[in-house]
Amino acid sequence: MSGTNSGVPSVLAHELPHPVPADELAACPVGEVFRRVGDKWSMLLVILLGARPYRYNELHRAVEGISQRMLTRTLRGLEVDGLVRRDVQPTVPPGVEYSLTPLGRTLLEPLSALADWAVRHEAEITEARSRHGDDAPED
């Protein structure tokens, strides 16, 4: 999907079939990216790595509540997607440093736009959730 100058958001510029076939949804590259950015830890790690490179243990200490296993899995997924670079340092013992790739850095702008939107509309979202009581999403 590409943006247009007509004022139509790019996500609306492409008409989806009705109903959306499950195989098309599963094959959609946008869905894959949304699954990655929508998980509990990925975007926090992208934000941290956007500021500077981190060694593995620094990242583990910087994110309260993340297990070593989950940190490793999340970093590996971001690396597979080409967003994070893993550099093994020639030290004894070998150190590992993580940083954003150029592609990963391009994610900071849309991530910032989404974060700005969430902050701008926080009160409205909270109000809507309170009207639905138990229907509010859980963390």
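On a predicted model such as this, the values are computed, not experimentally measured, just so you know.

**Some remarks on the overall build of the protein chain**
Helix and strand counts for the protein chain come out as nine helices and three strands. Its helices and strands in sequence order give the protein chain the pattern α-α-α-α-β-α-α-β-β-α-α-α, from N to C terminus. Relative to its length of 139 residues, the protein chain is extended, with a C-alpha radius of gyration of 18 Å against a globular reference of 14 Å. Structurally, the protein chain occupies a C-alpha span of about 55 × 35 × 30 Å along its principal axes.

**Things to note about unusual backbone geometry**
Cis geometry is found at the peptide bond from H18 to P19, where omega equals -10°. Structurally, the position occupied by P19 is in the loop between α1 (10–13) and α2 (22–27).

**Details of the sheet that holds strand β1 (residues 54–55)**
On the basis of which strands lie adjacent, the open sheet formed by three strands has the order β1-β3-β2 and antiparallel pairing. Two strands bound the open sheet, and with one partner strand each, they are β1 and β2 (84–89).

**Brief notes about the confidence of the model for the protein chain**
Here the protein chain shows a mean pLDDT of 88. Residues at 70 or above account for 91%. Helix α7 (residues 102–106) holds the highest mean pLDDT among the elements of the protein chain, 97, whereas α1 holds the lowest, 79.

**Digging into the pattern of salt bridges**
The tally for this structure, following the rule as stated, stands at five salt bridges. Linking D39 and R36 is a salt bridge whose minimum nitrogen-to-oxygen distance equals 3.9 Å. For E127, the salt bridge goes to R131, with nearest N and O atoms at 3.1 Å. On the criterion of helical spacing, the pair formed by E127 and R131 is a turn pair, its members being four residues apart in helix α9 (residues 122–132). Overall, E127 belongs to the partly exposed group, its relative accessible area being 47%. Owing to a relative accessible area of 57%, R131 belongs among the exposed residues under this scheme.

Criteria and cut-off values
Residues numbered from 1 in each chain as written. Predicted model: local features only at pLDDT ≥ 70, side-chain atom pairs only at ≥ 80, totals over all residues. Heavy atoms only, no water. Helix = DSSP H or I, 4+ residues; strand = E, 2+ residues; numbered from the N terminus. Rg over C-alpha atoms; globule rule 2.2 N^0.38 Å. Pairing = 2+ DSSP bridges. pLDDT = per-residue confidence, 0-100. Salt bridge = Lys/Arg side-chain N within 4 Å of Asp/Glu carboxyl O. Buried < 20%, exposed > 50% of the residue type's maximum accessible area, 1.4 Å probe, protein only.

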